[in-house]
Amino acid sequence: MHTTISRNNGDLFMEKVALSDIANQFGTPCYVYSRTALKLNFEAYTSALGNHPHLICYAVKSNSNIAVLQTLSALGAGFDIVSVGELERVLIAGGDPSKIVFSGLGKTSSEMRRALEVGIHCFNVESESELVLLNETASALSLKAPVSIRVNPDVNANTHPYISTGLKEDKFGIDINHAMTVYQNASLMNNIDVIGIDCHIGSQLTDVRPFVDAMNRLLILVDQLAELKINLNHIDIGGGLGVRYRDESIQSVDDYMRELLPLLAHRSETLVLEPGRSITANAGAMLTQVQFIKSNEHKNFAIVDAAMNDMLRPSLYQAWMDIQSISHSMGVDEKVYDVVGPVCESGDFLGKDRKLSVKEGDHLCLFSAGSYGFVMSSNYNSRPRAPEIMVDGDNVFLIRQRETIQDLTRGEQLLPVNSSSNC
Ligand code: LLP
């Protein structure tokens, strides 16, 4: 997984741009992405897949900025979406609808209708009720909905419980032992076109073994379906390959495909993948500034201007993300800090027990923040959301403005004067 952040004479650079210049120009907190890293991370998939028929559907949820989508679309990416909002973003970015797969377990009829109208590649269906609604929606448009059934292969992805999705107790997919019946029902529906099979077993997998286990289980079902004359064109193994946040040893995309592709040799099905994190995480960083330093008997706190509303991962998953000074501070003692935000919750931290040489006013870089960073940010505590910046060589582009105070109250309405009732 490529990152393009390096240290030169004590200063952090992304590609050819000093991160301190970005922090000074755009203010903090801000997100910054490397266009080169995005491209390299995507191309790691295309080159590892070689001649095997494939469709790489980038998981939009990991980073949905339209400039990110545009960069990937230009490289031929398809997209994995989970809402009509993500669909519209892909279309605005110039994405090809015929390369879109629509995941998610609660699609509404109006979302289905829009996706049918623009002609997406496939709906990844997660329940029998969804199948019925999709059939009705497609019928009303006199269209056929292309469908994969998302099966739950019951494999243990060995990842954080909040981001594991392929176990029997998870809410996702259809039990693999029941999938055959669902396929048979689907194949009898007039406005459903059964074209594939899908699974997604979890996120931040460090080891490729669970993917291989899942694929083996899917292939057994695919062959059983073929015996019933239900022939599938593609197999979607989902996303989930992990990245290095700290010192995890992560299997590469090459390792992954080296294990997976032999299972598909001599088979004609297209392999569909839905990678998110492995494309965007290490292509991005979040920059923040130390506002105050405060110490008590037990702890030193670096109070920074980014908070859990800007980056939720440490608070929500106890995720460890690297924090470093953007520029070395001369003559400042190294101490152990909790790096915390200004939000009124004890759970508001970016990192605990970090060795840093910092003083008030210094800029810090939170690494690997390109995935599940800005997209999970909120306005909690009425904090405007951070801007997003794209670096490309020595060029810098503002790809999303910092929100303003006006943005915070957009759409809100005061009550009419004298409107209070006595009840
Ligand atoms: N496909 C489906 C159906 C998914 O649910 C996901 C992620 C992906 C693909 C992409 O997985 P990736 O390649 O990014 O691992 N917010 C959490 C991660 C949630 C992942 C949800 N599903 C985090 O910050 O760690």
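Residues numbered from 1 in each chain as written. Predicted model: local features only at pLDDT ≥ 70, side-chain atom pairs only at ≥ 80, totals over all residues. Heavy atoms only, no water.

Glancing now at the site of the ligand. Near the ligand, the surroundings consist of 19 residues, among which Ser203, Glu274, Arg313, Tyr317 and Tyr372 are the closest. Here Ser203 contributes a side-chain N or O atom positioned 2.4 Å from an oxygen atom of the ligand. Within the side chain of Arg313, a nitrogen or oxygen atom sits 2.6 Å from an oxygen atom of the ligand. In isolation the ligand offers 590 Å² of accessible surface; the protein chains occlude 92% of this area. Considering only residue class, the shell around the ligand consists of six nonpolar, seven polar and six charged. (Near = heavy atom within 4 Å. Polar contact = N/O pair within 3.5 Å; in protein donor to acceptor, adjacent residues only side chain to side chain. Areas by Shrake-Rupley, 256 points an atom, 1.4 Å probe, with all protein chains shown as cover. Nonpolar A, V, L, I, M, F, W, Y, C, P; charged D, E, K, R; others polar.)

Attention now goes to the environment of Tyr245. In this fold, Tyr245 is placed in the loop between β12 (234-236) and α9 (253-264). With a relative accessible area of 7%, Tyr245 lands in the buried category. Tyr245 sits 123 residues away from Ser368 along the chain, and the two C-alpha atoms are 6.4 Å apart. A distance of 2.7 Å separates a polar atom in the side chain of Tyr245 from a polar atom in the side chain of Arg277. (Helix = DSSP H or I, 4+ residues; strand = E, 2+ residues; numbered from the N terminus. Buried < 20%, exposed > 50% of the residue type's maximum accessible area, 1.4 Å probe, protein only.)

Strand order in the open sheet formed by three strands is β1-β2-β3, and the pairing between neighbours is antiparallel. Looking along the sheet, the strands with just one partner apiece sit at the ends: β1 (5-8) and β3 (17-18). The pairing of β1 with strand β2 (residues 11-14) spans four bridges and is classified as antiparallel. Within the sheet, the bridge partner assigned to Ser6 lies in β2 and is Phe13. (Pairing = 2+ DSSP bridges.)

Its 15 residues place the ends of helix α2 (residues 35-49) 22 Å apart at the C-alpha level, agreeing with the 21 Å of an ideal helix rising 1.5 Å per residue. Along α2, the positions that sit buried rather than exposed are Ala37, Leu38, Asn41, Phe42, Tyr45, Ala48 and Leu49. Count one or two residues on from α2 and you reach Gly50, which has phi positive near 50 degrees. (Expected span 1.5 Å × (residues − 1).)

To continue, consider the packing of helix α8 (residues 209-227) against α9. Two elements in contact, α8 and α9, have axes whose closest approach is 10 Å; the angle formed by their N-to-C orientations is 15 degrees. Between α8 and α9, the angle falls in the class roughly parallel. α9 is crossed by α8, and the crossing has right-handed handedness. Residue-level inspection shows Arg209, Phe211, Val212, Met215, Asn216 and Leu219 of α8 in contact with α9, the latter providing Tyr256, Glu259, Leu260, Leu263 and Leu264. By residue class, the composition of the contact of α8 with α9 is eight nonpolar, one polar and two charged. (Axes fitted to C-alpha atoms, helices over the stretch in contact; angles between N-to-C directions. Parallel < 35°, antiparallel > 145°, perpendicular 65-115°, else oblique. Left-handed = near helix turned anticlockwise from the far one by under 90°. Contact = heavy atoms within 4.5 Å.)

In this section: the domain arrangement of the protein. Domain boundaries in the protein define domain 1 (5-32 + 281-409) and domain 2 (35-278). Measuring from the centre of the C-alpha atoms in domain 1 to the corresponding centre in domain 2 gives 32 Å. Counting from both sides, the interface comprises 22 residues of domain 1 and, opposite them, 23 residues of domain 2. When domain 1 packs against domain 2, the two sides together hide about 2000 Å² of surface, and 53% of this comes from carbon and sulfur. Three residues stand out in domain 1 for area buried against domain 2, namely Trp320, Tyr372 and Met390, and they jointly supply 28% of the buried area on that side. Connecting domain 1 to domain 2 are one salt bridge. Where the side of domain 1 that touches domain 2 is concerned, the elements lending two or more residues are α11 (313-317), β20 (388-392) and β21 (395-400). (Domains from an automatic or database assignment. Buried area = accessible area lost by both parts, 1.4 Å probe. Salt bridge = Lys/Arg side-chain N within 4 Å of Asp/Glu carboxyl O.)

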